[in-house]
Amino acid sequence: AGTSVPDLFSSVIVARMGQGDMAVSSSIGSNIFDILVGLPLPWLVFLLWPSTPNVVTIQTQGIWQSIFILIGMLVAIIAIVHCQGWKMTKTLGGLMFLLYFAFLVQAFVMEYYRNPCFG
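Worth saying up front: this structure is predicted, and the values here are computed from it rather than measured.

> Summarise a nonpolar patch on the surface; cite the residues concerned and give the values.
A grouping of Ile28, Ile32, Phe33, Ile35, Leu36, Val37, Leu39, Leu41, Leu44, Val45, Leu48 and Trp49 is seen on the molecular surface, where their side chains present a nonpolar patch of about 1,200 Å² in accessible area. Elements with a contribution of two residues or more to the nonpolar patch: α2 (20-38) and α3 (40-48). Structurally, phenylalanine 33 can be placed in helix α2. Take phenylalanine 33: its relative accessible area is 51%, and that puts it in the exposed class.

The following block contains the structure:
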C-alpha cells in the first residue's frame, strides 16, 4: 500500500528510456512481492502476538471463484504475451487493458449480486 504511485513513476521513466521490459517486470515483481510478503506478514504478526484466539478469518463470499478467475487471468496474460513474441506492443497493451477492464466488470457484477445493500 502506498507504493503503487512510486512504482508507476519508475516504470514510466524506464519505459521512456526504451526499457519497456524492465518497466513491466518492475510492476509485476512489485505485485508478487506485495502478495508474498505484504499479505502474509501482518497475518504472521497477528498470529504470533494474538489478543484474540489464533484464528484469521477471511469473511468473504466467493473467495474460490475469485481465485479461479485470477488464475484464469494469469493464464490469459501469459498466453497473450507469448503470442506477442514476448515483446511490448500496442496490441499487447490494448489486450492487457481489455483484460483488466473485464476483470473489473466481473468484480462489480459479482459484488452487486452478493451484496445485500444493492438488493
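> An account of unusual backbone geometry is needed here, citing residue identities and associated values.
Its identity as a non-glycine residue notwithstanding, tryptophan 86 has a phi of 60°, on the positive side. Mapped onto the secondary structure, tryptophan 86 falls in the loop between α4 (63-83) and α5 (90-114). Tryptophan 86 gets classed as exposed once you look at its relative accessible area, which sits at 52%.

> Can you break down α4 residue by residue, with the values?
At 3.6 residues per turn, the α-helix brings residues three or four places apart onto the same side. With 21 residues, α4 should cover 30 Å at 1.5 Å per step; its first-to-last C-alpha distance of 30 Å lies within 8% of that length. Of all the residues in α4, the buried ones are Met73, Ile80 and Val81. One face of α4 carries all of its buried residues, which in axial projection span an arc of 95°. Residues of α4 that are exposed and angled more than 90 degrees away from the buried face: Trp64, Phe68, Leu74, Val75 and Cys83.

> Quick one: what's the story with the packing of helix α1 (residues 4-16) against α2, residue by residue and with numbers?
At a minimum axis distance of 7 Å, the contact between α1 and α2 shows a crossing angle of 165°. With respect to their mutual orientation, α1 and α2 come out roughly antiparallel. The crossing of α1 and α2 is right-handed. Touching Asp7, Ser10, Ser11, Val14 and Ala15 of α1 are Gly20, Met22, Ala23, Ser26, Ser27 and Ser30, all from α2. Broken down by class, the residue content of the contact of α1 with α2 amounts to four nonpolar, six polar and one charged.

> Report on the confidence of the model for the protein chain, specifying residues and quantitative values.
With 89% of its residues at a pLDDT of at least 70, the protein chain reaches an overall mean of 81. For the protein chain, α2 is the element with the lowest average pLDDT, namely 80, and α5 is the one with the highest, namely 88.

> Which residues make up the nonpolar core, and what values go with them?
Met73, Ile80, Val81, Leu92 and Leu99 together form the largest nonpolar core, which totals five residues. Broken down by secondary-structure element, the contributors of at least two residues to this core are α4 and α5. If one sorts the elements of this core by residue count, α4 sits on top with three residues.

> An account of the packing of α4 against α5 is requested, with residue identities and associated values reported.
Two measures define how a pair of helices packs: the angle their axes make with one another and the distance between the axes. Direction vectors running N to C along α4 and α5 enclose 170°, while the axes themselves pass 11 Å from each other. It follows from the interaxial angle that α4 and α5 lie roughly antiparallel. Here α4 contributes Gln65, Ile69, Leu70, Met73, Ala76, Ile77, Ile80 and Val81 to the contact with α5, which in turn contributes Leu92, Leu95, Met96, Leu99, Tyr100, Phe103, Gln106, Met110 and Arg114. Counted by class, the contact of α4 with α5 contains 14 nonpolar, two polar and one charged residues.

Cut-offs and rules
- Residues numbered from 1 in each chain as written.
- Predicted model: local features only at pLDDT ≥ 70, side-chain atom pairs only at ≥ 80, totals over all residues.
- Heavy atoms only, no water.
- Patch = residues over 30% accessible without salt bridge, like charges linked within 9 Å, V, L, I, M, F, W, Y side chains within 5 Å.
- Areas by Shrake-Rupley, 256 points an atom, 1.4 Å probe, with all protein chains shown as cover.
- Salt bridge = Lys/Arg side-chain N within 4 Å of Asp/Glu carboxyl O.
- Helix = DSSP H or I, 4+ residues; strand = E, 2+ residues; numbered from the N terminus.
- Buried < 20%, exposed > 50% of the residue type's maximum accessible area, 1.4 Å probe, protein only.
- Expected span 1.5 Å × (residues − 1).
- Arc of directions from axis to C-beta.
- Axes fitted to C-alpha atoms, helices over the stretch in contact; angles between N-to-C directions.
- Parallel < 35°, antiparallel > 145°, perpendicular 65-115°, else oblique.
- Left-handed = near helix turned anticlockwise from the far one by under 90°.
- Contact = heavy atoms within 4.5 Å.
- Nonpolar A, V, L, I, M, F, W, Y, C, P; charged D, E, K, R; others polar.
- pLDDT = per-residue confidence, 0-100.
- Core = buried A, V, L, I, M, F, W, Y, C linked by side-chain atoms within 4.5 Å.

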